[in-house]
Amino acid sequence: MDSKILIVEDDLDLGNLLKQYMEMNGFQVNRVFNGLEAFDELKHNAYDLMVLDVMMPELDGFSLARKLNHYYPELPFLFVTAKNMREDKLAGLKLGADDYIVKPFDADELILRIRNILKRTKNETKKINKVFNISLFSFDYKNLLLKSDDFEKILTEKEADLLNYLCLNQQALIKREDILVYLWKEPDFFNGRSMDVFMSRLRKYLSKDPKIHIESVRGVGFRFFVDGDSVITNS
């Protein structure tokens with residue numbers, strides 16, 4: 001299947017040229033004009049990579065990158081921008097960008113850089129097999145398996161996604177909306193009811209160990225923690 005790329009570029013002509021050239025090179029491409037439109041697009045469609053401008057109205061590229069790090073941490077992105085100061089490049093890379101290309105640039109070079117990023121990220125995805133040690137439990141995210149010495153359960157994908165998110169955010173106060181956006185891409189009422197069901201199931205599975213807590217914080221969200229211990233990840 002062709003890789004899907006989202007271009008976030010407010011310059012109409014450049015955005016259209018990038019879209020056409022990427023499509024000529026076999027990519028499925030969509031383009032939006034600012035960070036707010038990009039974030040809304042991600043709620044409805046999945047992409048393999050994003051190409052971001054830095055200077056944009058509504059929500060600039062750096063601000064969008066911060067939101068990507070929070071809500072879509074596994075989505076690779078690169079900056080294509082006229083900002084060529086060393087400080088700007090370092091700022092972009094510190095935000096997790098996989099590359100930073102300064103305008104004007106060679107279109108073929110951009111395509112090669114995109115292919116390199118996609119190749120690397122797909123290889124990394126194949127290798128990842130996160131296993132969380134949660135007190136007496138072992139949680140194999142890739143294989144949806146939660147087990148202890150006297151318990152074993154194959155989770156649904158949504159249960160596994162939810163437990164993975166809790167493990168990645170252990171000890172922190174997690175807002176309901178953040179979980180809903182992470183799991184369903186939008187925080188509507190019906191998804192919220194579904195999340196509560198999955199949360200109840202996880203509490204039931206983990207109740208065999210009284211050290212493990214999924215604490216409800218009224219009007220805000222949840223906090224996941226283990227008494228006197230930390231969730232350990234082995235990859």
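Here, every reference points to the structure presented above.
Note that the structure is predicted; figures quoted are calculated from it, not measured.

Glancing now at the overall build of the protein chain. Per the secondary structure count, the protein chain includes eight helices and 13 strands. Projected onto its principal axes, the C-alpha coordinates of the protein chain cover approximately 60 × 35 × 35 Å. Across the 235 residues that make up the protein chain, the buried fraction comes to 43%. Intrachain contacts of the protein chain at a sequence separation of at least 6 include 55% that bridge at least 24 residues. Charge centroids of the protein chain, computed over 34 positive and 38 negative side chains, lie 4 Å from each other.

Next up on the list: the pairing of strand β12 (residues 221-226). Of all six residues in β12, five are buried, a share of seventy percent or more. By the bridge criterion, three bridges tie strand β10 (residues 173-175) to β12 in an arrangement that is antiparallel. From the neighbouring strand, Lys-175 faces β12, where its bridge partner is Gly-221. By the bridge criterion, six bridges tie strand β11 (residues 212-217) to β12 in an arrangement that is antiparallel.

It is at 10 Å that the axes of helix α2 (residues 35-42) and helix α3 (residues 61-71) come closest, and there the two elements cross at 20°. Here α2 lies roughly parallel to α3, going by the angle between them. Crossing hand, α2 versus α3: right-handed. Only Leu-64, Lys-67, Leu-68 and Tyr-71 of α3 make contact with α2, whose side of the interface consists of Gly-35, Ala-38, Phe-39 and Leu-42. Partitioning the contact of α2 with α3 into residue classes produces six nonpolar, one polar and one charged.

Any two side chains of opposite charge can pair, on the condition that their charged atoms come close. Summed over the entire model, instances satisfying the criterion amount to nine salt bridges. As a salt-bridge pair, Glu-9 and Lys-103 come within 3.1 Å of each other at their nearest N and O atoms. Here Glu-9 is found in the loop between β1 (4-8) and α1 (12-24), whereas its partner Lys-103 is found in the loop between β5 (99-102) and α5 (107-127), with 94 residues between them in sequence. Given the relative accessible area of 22%, Lys-103 is considered partly exposed. One network of salt bridges, in which partners are shared, links Glu-9, Asp-53 and Lys-103.

Now for unusual backbone geometry. Of note, the amide linkage connecting Lys-103 to Pro-104 takes the cis form, showing an omega dihedral of -10°. Among the structural elements, Pro-104 can be located in the loop between β5 and α5. Within the chain, Ser-135 stands out as a residue other than glycine whose phi angle is a positive 55°. As for its placement among the helices and strands, Ser-135 is situated in the loop between β6 (131-134) and β7 (137-140).

Definitions and cut-offs
Residues numbered from 1 in each chain as written. Predicted model: local features only at pLDDT ≥ 70, side-chain atom pairs only at ≥ 80, totals over all residues. Heavy atoms only, no water. Helix = DSSP H or I, 4+ residues; strand = E, 2+ residues; numbered from the N terminus. Buried < 20%, exposed > 50% of the residue type's maximum accessible area, 1.4 Å probe, protein only. Contact = heavy atoms within 4.5 Å. Lys, Arg positive; Asp, Glu negative; His and termini not counted. Charge placed at Lys NZ, Arg CZ, Asp CG, Glu CD. Pairing = 2+ DSSP bridges. Axes fitted to C-alpha atoms, helices over the stretch in contact; angles between N-to-C directions. Parallel < 35°, antiparallel > 145°, perpendicular 65-115°, else oblique. Left-handed = near helix turned anticlockwise from the far one by under 90°. Nonpolar A, V, L, I, M, F, W, Y, C, P; charged D, E, K, R; others polar. Salt bridge = Lys/Arg side-chain N within 4 Å of Asp/Glu carboxyl O.

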